[in-house]
Amino acid sequence: MEGGGGGGGGEQYNPRTVEEVFRDFKGRRAGMIKALTSEVEDFYQQCDPEKENLCLYGFPSEQWEVNLPAEEVPPELPEPALGINFARDGMQEKDWLSLVAVHSDAWLLSVAFYFGARFGFDKADRKRLFNMINELPTIFEVVTGTAKKQVKEKSSVNNSGSNKSKSNSKARVSESQSKQSKPMQPKDEDEGLGEEEEEEEDEHGETLCGACGENYASDEFWICCDICEKWFHGKCVKITPAKAEHIKQYKCPSCSSNKRARP
């Protein structure tokens, strides 16, 4: 992605309220998650170790950029970690991506609280901003699947019998929508259906998209990777329901890239 060096946030506005700073944080976070998950092939190629010190920037517009650091000193905003490209070929790809993810989390927090300090957030504002940020999984948790593992631990017993059916179906659709068209059931059966729906909601309600990190919603199309068993919004990995019907074994962008030989 092209752009001026040190684009670490060179947007033409400054968020001044807690809500605006949080919106800025979410946009930058979404862009960086794209770079490290659904668009990891492009990100990997751009981080050429033969180039100079490179940084990964996220923008409020949910876009990302690999570029040289800002030339001005001190920079307009805090700068991300330098030289992420130098370590690319010296370690396994998943470990390198995890390392970049950790530094990206640190950078996002520094930018958010830079705005807080600049615009005079008081103790209550700073606490509220942190609590809003803390409700989201970190980039590291999304990239490594830690957040998904935490959910799995809570419902491992419930999930054990349904993993096979998940892989075969490839996608989740709202069961409630299909049940609306069914004929009226006797009272006892209706109660049974309600319990099944509650179990389904408990099982999937806290599942996180492996690309954007957002929660599962029953009215959205999702697809499961048959390799790492992470779930993704179809829109995040550019897979439609029609396309999923013709996929025998789905591999997410990260698993597809991992099969390439690394020096």
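Throughout this document, residue positions are counted from 1 along each chain, in the order its sequence is written. Only residues with pLDDT of at least 70 are given local features in this predicted model, and only at 80 or more are side-chain atom pairs given and counted; all residues enter the totals for whole chains, interfaces and linings. Side-chain descriptors were evaluated using all non-hydrogen atoms of the structure, hydrogens and water having been removed beforehand.

### Describing the side chain of Asn85
(1) Moving on: If you trace the backbone, Asn85 turns up in the loop between β2 (64-67) and α3 (93-118).
(2) Moving on: At 3.2 Å, the side chain of Asn85 and the backbone nitrogen of Leu54 are in polar contact.
(3) Moving on: Those residues in contact with Asn85 that sit more than four places away from it in its chain are Cys47, Asp48, Pro49, Lys51, Glu52, Asn53 and Leu54. Strands here are runs of E lasting at least two residues and helices are runs of H or I lasting at least four, both read from the DSSP assignment and numbered beginning at the N terminus. Counted as a polar contact is a pair of N or O atoms within 3.5 Å, where, for protein atoms, one must be capable of donating a hydrogen and the other of accepting one, and residues adjacent in sequence contribute only when both atoms are in side chains. Should any heavy atoms of two residues lie within 4.5 Å, those residues are counted as being in contact.

### Quick notes on the packing of aromatic side chains
(1) Moving on: Only centres within 6.5 Å qualify two rings of Phe, Tyr or Trp (six-membered ring in Trp) as a pair; their planes then separate them into stacked at under 30 degrees, edge-to-face at over 60, and tilted for everything else. Scanning all chains against the criterion turns up 5 aromatic pairs.
(2) Moving on: The interplanar angle of 90 degrees and the centroid separation of 6.0 Å between the aromatic rings of Tyr44 and Trp96 together place this pair among those described as edge-to-face. Note that Tyr44 is positioned in helix α2 (residues 40-46) and Trp96 in helix α3, a separation of 52 residues in sequence.
(3) Moving on: Under the scheme applied here, a residue whose accessible area is under 20% of the maximum for its type counts as buried, over 50% as exposed, and between as partly exposed, the area being computed with a 1.4 Å probe on protein chains only. Looking at Tyr44, the relative accessible area reads 5%, which means it is buried.
(4) Moving on: When its relative accessible area of 0% is taken as the criterion, Trp96 is described as buried.

### Some details on the environment of Glu220
(1) Moving on: Positionally, Glu220 belongs in the loop between α10 (187-204) and β3 (222-224).
(2) Moving on: On a C-alpha basis, the gap between Glu220 and Lys235 in space is 9.3 Å, while along the polypeptide they are 15 residues apart.
(3) Moving on: Side chain to side chain, Glu220 and His233 meet in a polar contact 3.2 Å long.

### Observations concerning the confidence of the model for the protein chain
(1) Moving on: Within the protein chain, residue pLDDT values average 78, and 70% of them lie at 70 or more.
(2) Moving on: The quantity called pLDDT is the predictor's confidence in a given residue, expressed from 0 to 100. Below a pLDDT of 50 lies the segment residues 1-12, which in the model reaches 33 contacts outside its immediate sequence neighbourhood of four places, other chains included.
(3) Moving on: Confidence drops under pLDDT 50 across residues 157-169; counting only partners more than four residues distant or on other chains, this segment forms 10 contacts.

### A word on the pairing of β2
(1) Moving on: Here β2 shows two buried faces, one formed by Trp64 and Val66 and the other by Glu65 and Asn67.
(2) Moving on: Two strands make a pair as long as DSSP finds a minimum of two bridges between them. Pairing analysis gives 4 bridges linking strand β1 (residues 55-58) to β2, with the strands arranged antiparallel. If you follow Leu56 over to β2, its bridge partner there is Val66.
(3) Moving on: Counting the residues between successive antiparallel strands, the hairpin from β1 to β2 contains 5 residues, one of them, Glu62, with a positive phi of roughly 70 degrees.

### Concerning the packing of helix α1 (residues 18-36) against helix α4 (residues 123-134)
Helix-helix packing is characterised by the crossing angle of the two axes and by the distance between the axes.
(1) Moving on: Where α1 meets α4, the axes come as close as 10 Å, and the angle between the chain directions of the two elements is 30 degrees. Taken together, the axis directions place α1 and α4 in an arrangement best described as roughly parallel. Relative to α4, the crossing made by α1 is right-handed. The residues of α4 that touch α1, namely those facing Val18, Glu19, Val21, Phe22 and Phe25, are Asp125, Arg128, Leu129, Met132 and Ile133.
(2) Moving on: In this classification, Asp, Glu, Lys and Arg are treated as charged, Ala, Val, Leu, Ile, Met, Phe, Trp, Tyr, Cys and Pro as nonpolar, and every other residue, Gly included, as polar. For the contact of α1 with α4, the residue count by class is 7 nonpolar, no polar and 3 charged. To get an axis, a line is fitted to the C-alpha atoms, and for a helix only the part in contact is used. The angle between two axes follows their N-to-C directions and goes from 0 to 180 degrees. Throughout this description, any angle smaller than 35 degrees is read as roughly parallel, any larger than 145 degrees as roughly antiparallel, any in the 65 to 115 degree range as roughly perpendicular, and the remainder as oblique. Helix crossings get a hand from a simple test, with the near helix turned counterclockwise from the far one by less than a right angle marking a left-handed crossing and a clockwise turn marking a right-handed one.

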